[in-house]
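Breakdown of the fold
The residues making up each chain are set out below.
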Amino acid sequence: MATIVVYTYYSSPWEMKTGDDVRIHSILKTLALRHKVVVVNSSTHPTTYTVKDRLIYIPSYRPFYQLLAKITAWKNHHDLNTLAKATHYIDEAAVLVKYKPLFNRADIVMTIGSMTVASAILRMLGINKPIIYDPLANYAQTLYLRSRKNIFELIKYGLYLVLHKPQLKSSTIITYPSRIDNATARHMFKITKTRIITNPPPLCYQNTEEYSQLRRKRNDFTRPHFILLAGSHSNKEAVLKNIEIFNNIPPSKFTLFITGPWQHLKRNTKNEAIKMVGIVPHEKLKELLAMADYGLSPIFNHVAGTFIKMLAYQAADLHIIASPQSLLGLDIRNPRKIRVVRNYEEYAKVIEEAIQNYKLDQDRRPLTCEERDNTLQAQVDKLLSNLT
């Protein structure tokens, strides 16, 4: 049994509210099945120790952020707020210096996050243990694509490369979530010490019988059921556009579920087939996904990381209508079930086609929990075998 000490600037991965949270906590939980895992997580607000799934999370309240937040009476304390970004690297160095003795006692160190330089700082502090680095996605590719559009993004891209290259060089092995991320990173940075750990989905089904029972709760199989998972506020445009598109379709032709904090937008709906179901608990989400035919992800702003909605859609083996941006960091289980659209005009046309050509899919293969857990365990075991 090895002792693994982890650093991440994500403040509460165990809550699994985002795709990054799901990835971080799922991988660490799998490591903790066979090893002792302690996580130092820097935080933008005071928190206490958290023990979850055999993991020990040690929060470290960021000192420079704390000082400036007090001086400026800063109120917005989510993980990636503006002040958090501005003070990120100073606070990261302070946290790592504070916990240097803990990292010294580790057999293996792990650093997590696209913006971290923790591996490089730990090397400067004299930590010579093997370091696994998980950037969560190849964020450099995202910045490169943005840099082609304006000078500010080009400067941002250049600064990121200056910091990111030492982070890669200081790490023993770098893990990426997909073959595409892995291939582009190897090409961009000329690195070879990489492995793939695919993004774990946020849900699974105990077996096909559980899935079938949930699916049978749907009464009408004569028309397609669509679902848009829109849990974060970055989905507002997608929610409004879907309401606009589906308002113009006869209610007898479809059902659309929209999840997330959007009940106040119910006044925009003029179609009884649009169901604003709000923020739903985990078991209800599994039910809605089992009942659905199509998962929707019309997100056209270029982003980093993987959309948690896409992982959920794949777990339920839905047909998916999605933007190219939605496929970032995704290892696609069934490419034939994904229809890529490049703008809202194409998106609306594909929705119409899906309704007109609807046929009930009798060959659904949901992801079972055993399959999910075994896949992740095998990938983690392979990763650790390369360190010994």
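To start, this report covers the structure provided alongside it.

Reading the values: the criteria
Residues numbered from 1 in each chain as written. Predicted model: local features only at pLDDT ≥ 70, side-chain atom pairs only at ≥ 80, totals over all residues. Heavy atoms only, no water. 1 Å grid on protein atoms, 1.4 Å probe; cavity = no way out; pocket = protein on both sides within 12 Å on 5 of 7 lines; lining within 4 Å. Points joined across faces, edges and corners; volume = space filled by probe spheres on them. Helix = DSSP H or I, 4+ residues; strand = E, 2+ residues; numbered from the N terminus. Nonpolar A, V, L, I, M, F, W, Y, C, P; charged D, E, K, R; others polar. Disulfide = S-S within 2.5 Å. Core = buried A, V, L, I, M, F, W, Y, C linked by side-chain atoms within 4.5 Å. Buried < 20%, exposed > 50% of the residue type's maximum accessible area, 1.4 Å probe, protein only. Contact = heavy atoms within 4.5 Å. Pairing = 2+ DSSP bridges. Axes fitted to C-alpha atoms, helices over the stretch in contact; angles between N-to-C directions.

1. Some words on the layout of surface pockets
- Taken as a whole, the second largest pocket holds about 310 Å³ of empty space.
- Lining the second largest pocket are 18 residues, with Thr198, Asn199, Pro201, Arg333 and Leu367 sitting closest to its centre.
- The element best represented in the lining of the second largest pocket is helix H15 (residues 369–385), accounting for 5 residues.
- Partitioned by chemical class, the residues of the lining of the second largest pocket number 8 nonpolar, 5 polar and 5 charged.

2. Digging into empty space enclosed by the protein
- On inspection of all chains with the given rule, the structure shows 1 cavity of 30 Å³ or more.
- Reported here for the largest cavity is a volume of approximately 50 Å³.
- Taken together, Tyr313, Gln314, Asp317, Leu318, Ile320, Arg333, Asn334, Lys337 and Ile338 make up the full set of residues lining the largest cavity.
- The class makeup of the residues in the lining of the largest cavity is 4 nonpolar, 2 polar and 3 charged.

3. Side note on the state of the cysteines
- For the structure on display, the rule yields 1 disulfide.
- There is a disulfide in this structure between Cys204 and Cys369, and the S-S distance comes to 2.0 Å. One quick way to see it: the torsion about the S-S bond of Cys204 and Cys369 is about 90°, and its sign makes the bridge right-handed. Placement of Cys204 in the loop between strand S8 (194–196) and helix H10 (208–215) and of Cys369 in helix H15 is noted, with a sequence separation of 165 residues between them.

4. Points about the nonpolar core
- Within the largest apolar cluster, 57 residues are counted, with the highest numbers of intra-cluster contacts made by Phe226, Phe246 and Leu289.
- The element contributing the most residues to this core is helix H14 (residues 344–356), with 7 residues.
- In this structure Leu289 touches Leu203, Tyr205, Ile227, Leu229, Ala312, Tyr313, Ala316, Leu318 and Arg364, once residues within four positions along its chain are discounted.

5. Description of the sheet that holds strand S14 (residues 338–340)
- Strand order across the open sheet formed by 6 strands is S11-S10-S9-S12-S13-S14, with parallel pairing between neighbours. In this open sheet, the two strands that pair with only one neighbour each are strand S11 (274–278) and S14. Each adjacent strand pair in this sheet contributes to an overall mean axis angle of 20°, direction not counted.
- Direction of pairing for strand S13 (residues 319–322) relative to S14: parallel, over a ladder of 3 bridges. Paired with Ala322 across the strands is Val340, a residue of S14.
- The sheet strands contacting helix H11 (residues 236–247) are strand S9 (225–229), strand S10 (255–259), S11 and strand S12 (294–297), and the helix crosses S11 at an angle near 155°.

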